[in-house]
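Residue-level listing of the chains:
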Amino acid sequence: LLTGGTVSAEETFLTWEDGQTDVEVELFAGTELASARRLGEVRLTALPAAPAGQEVRLRLRLGTDGLLSGEVLHLPTGRAAEVLVQTRPTRTVLQ
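Residues numbered from 1 in each chain as written. Predicted model: local features only at pLDDT ≥ 70, side-chain atom pairs only at ≥ 80, totals over all residues. Heavy atoms only, no water.

A. Region of interest: the pairing of strand β4 (residues 55-62). Two elements, strand β1 (residues 7-14) and β4, share eight bridges in a ladder whose sense is antiparallel. When the bridges of β4 are listed, Ala9 appears paired with Leu60. Across seven bridges, β4 lies against strand β5 (residues 67-74) in antiparallel orientation. Considered in β5, the bridge of Val56 is made with His74. Counting the residues between successive antiparallel strands, the hairpin from β4 to β5 contains four residues, one of them, Gly66, with a positive phi of roughly 85°. (Pairing = 2+ DSSP bridges. Helix = DSSP H or I, 4+ residues; strand = E, 2+ residues; numbered from the N terminus.)

Structure below.
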């Protein structure tokens, strides 16, 4: 990354069951889930009951200040929940 740069990501997924009224997204840091560090979770609630397959978008941005921010957005209704995680920088030492 360039000095002062940021990293952003966006992922769209679908609800998985009919009548689902909430979505929970767990956030991890790492390249493999088995060894990843759990950062937290964000929950989007009070969604109208609908058939499975409703689109939900997760947008994340990691700033140079170590702040992970973004939102989870239910596309059919526009209902959103904010994501805000303070991360700590890690140091990798090569020997």
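On we go.
B. Representation of the environment of Arg37. Along the polypeptide, Arg37 turns up in strand β3 (residues 37-44). Here Arg37 falls in the partly exposed class, since its relative accessible area comes to 45%. As a C-alpha pair, Arg37 and Leu27 span ten residues in sequence and 8.7 Å in three-dimensional space. (Buried < 20%, exposed > 50% of the residue type's maximum accessible area, 1.4 Å probe, protein only.)

C. Examining the nonpolar core more closely. Within the largest apolar cluster, 14 residues are counted, with the highest numbers of intra-cluster contacts made by Val25, Leu27, Val72 and Val83. Mapped onto this core, the elements with two or more residues apiece are β2 (23-29), β3, β4, β5 and β6 (79-86). Leave out the neighbours within four places in its chain, and Val25 touches Phe13, Gly40, Glu41, Val42, Leu58 and Val72. (Core = buried A, V, L, I, M, F, W, Y, C linked by side-chain atoms within 4.5 Å. Contact = heavy atoms within 4.5 Å.)

In short, geometric facts, not functional conclusions.
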